[in-house]
Amino acid sequence: MRLTIHSILPLLATLLVTSAPAPAAEDFDDAVVARIEHPDWFKESFLNLQDDLAEAREAGKDGLFLFFSTQGCSYCHLFVATSLSDPRIVARLREHFDTLGLEIFDDAELTAFDGKATRVKQFAVEQGVEFAPTLLFYDREGRLILRLTGYYDPERFDQALDYVIGRHYQQEPFRAWLAHETAAAPQGDANLIADPLFAAPPYALDRTQMPAQRPLLVIFEVPACPHCERFHEEVLRDPDVRPLLAGMDLVRLDATDRTTPVLTPGGERTTPADWSEQQGFTQYPALVFFEEGGAQVLETDALVLKSRMLNSLGFVAERAYDKGWTYQRYARSRAVAKSAAAREQGGE
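The rules behind these values
Residues numbered from 1 in each chain as written. Predicted model: local features only at pLDDT ≥ 70, side-chain atom pairs only at ≥ 80, totals over all residues. Heavy atoms only, no water. Disulfide = S-S within 2.5 Å. Helix = DSSP H or I, 4+ residues; strand = E, 2+ residues; numbered from the N terminus. Expected span 1.5 Å × (residues − 1). Buried < 20%, exposed > 50% of the residue type's maximum accessible area, 1.4 Å probe, protein only. Pairing = 2+ DSSP bridges. Axes fitted to C-alpha atoms, helices over the stretch in contact; angles between N-to-C directions. Contact = heavy atoms within 4.5 Å. Core = buried A, V, L, I, M, F, W, Y, C linked by side-chain atoms within 4.5 Å. Salt bridge = Lys/Arg side-chain N within 4 Å of Asp/Glu carboxyl O.

(A) Representation of the state of the cysteines. Across all of its chains, the model carries two disulfides by this definition. Shown here is the disulfide that connects cysteine 225 with cysteine 228, its sulfur atoms set 2.3 Å apart. What sets the handedness of the cysteine 225 and cysteine 228 disulfide is the S-S torsion sign, and at about 75° it is right-handed. In the chain, the bonded cysteines, numbered by position in the sequence, are linked as 1-2, 3-4.

(B) View of helix α11 (residues 306-317). Between its first and last C-alpha atoms α11 spans 16 Å; for 12 residues at 1.5 Å apiece the expected length is 16 Å, and the two agree. Counting buried positions along α11 gives nine out of 12 residues, so the element sits mostly inside the fold. Within α11 the residues assigned to the buried category are Arg308, Met309, Leu310, Asn311, Ser312, Leu313, Gly314, Phe315 and Val316. Of the residues trailing α11, arginine 319 is marked for its positive phi of about 55°.

(C) Quick look at the sheet that holds strand β6 (residues 144-149). Strand order in this open sheet of four strands is β2-β1-β5-β6, and the pairing throughout is mixed. Where the open sheet ends on each side, the last strands, each with one partner, are β2 (97-103) and β6. Adjacent strand axes in the sheet meet at a mean angle of 15°, parallel and antiparallel pairs treated alike. Two elements, strand β5 (residues 134-138) and β6, share five bridges in a ladder whose sense is antiparallel. Looking across to β6, one finds that threonine 134 is bridged to threonine 149.

(D) Layout of helix α3 (residues 74-81). Within α3, seven of the eight residues are buried, which leaves the element mostly enclosed by the surrounding structure. Against β1 (63-69), β5, α6 (154-165) and α11 lie the buried residues of α3.

(E) Expanded view of the sheet that holds strand β9 (residues 249-254). Spatial strand order, β9-β8-β12-β13: four strands in an open sheet with mixed pairing. Pairing within the sheet leaves two strands with one partner each, and these edge strands are β9 and β13 (296-300). The sheet shows a mean angle of 15° between the axes of neighbouring strands, taken without regard to direction. Here four bridges tie strand β12 (residues 286-290) to β13, and the two strands are oriented antiparallel to one another. Its bridge partner being in β13, leucine 287 is matched across the sheet by threonine 300. Lying over the sheet, helix α8 (residues 226-236) contacts β8 (216-221), β9 and β12, oriented at roughly 145° with respect to β8.

(F) Structural view of the nonpolar core. Phe68, Phe137, Phe157 and Met309 are the most contacted members of the largest nonpolar core, which has 83 residues in total. Top element by residues in this core is α6. It accounts for six residues.

(G) Here's a closer look at the pattern of salt bridges. As enumerated under the stated definition, the model contains 25 salt bridges in all. For the salt bridge of lysine 43 with aspartate 52, the shortest nitrogen-to-oxygen distance reads 3.7 Å. For aspartate 52, a relative accessible area of 4% corresponds to the buried category. The salt bridge involving glutamate 292 is made with arginine 319; its shortest N-O contact spans 2.8 Å. Taken together, the residues span a long stretch of sequence, with glutamate 292 in the loop between β12 and β13 and arginine 319 in the loop between α11 and α12 (327-347) at a distance of 27 residues. Residues joined by salt bridges that share partners form a network here, namely Arg88, Arg92, Asp158 and Asp162.

Written out as structure tokens, the structure reads:
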């Protein structure tokens, strides 16, 4: 089946839940297929980004905020129901940016910032949109100033607003700014959680000289990380996830470690901390997947629970990237298959 927004939405409709208030993040179930409804304060756009940007400038705003989502995305629904429903965040966002909501797989015509006619889905690819949601901030000239991937809770998204509104992007990347603006708050276990699946050092991960037999997953964590603890408890130990992990090489690194030597899959010498900084991670755990020859095929520092982890593992194991697919297209194909199966069962 050819994946278009027109053929997909009817299939997904059988599984979409109503837009009830999202649960707290700690109670969030990413297996739920959720209906995405943009807040009524989003800008009504004719999909001409040049015109939208000009209107934002005329209103004295700092630029545009593009919210890329896709129907069925539970993480998108959670972001709308929490961060984009926080009165303080909404007020700050509306004061400084015009906000547009876009569907990652939309075939609709769009005029990009450079005046080029394209499709929404192609523009999404060109802007590096791979996971839903993806949050993009553009300045008054249409330059991308910050890309955020995945769910950002109100506290972290408010920090992102501090960064863009204060124009700190003119001096340093978000990761560097966040590191010295955010005070460390020790929580949870100060030691990293052990797991027998993790490879022990030395971390000689170079695959350029001789391809490995299996894909590689590198997990970056930090001490005293409640999200890391949850990731171990609810994802890595899940009975559906664990057999798939056993089919990969698995390495866990401490993103604060500046002493342990690491030879990356691409043959570079580094340390876990330097490698994490090079990747630009701002949240942990962060995941990086590599194919057998050492090429990076997927990475994210967004919230990853069971369903997204299963999709990520499937994306890599099935080599969906060889078809030119993004992660989100692969996840959508699985959602379509799930919806079609449900329709068949309902007809029996």
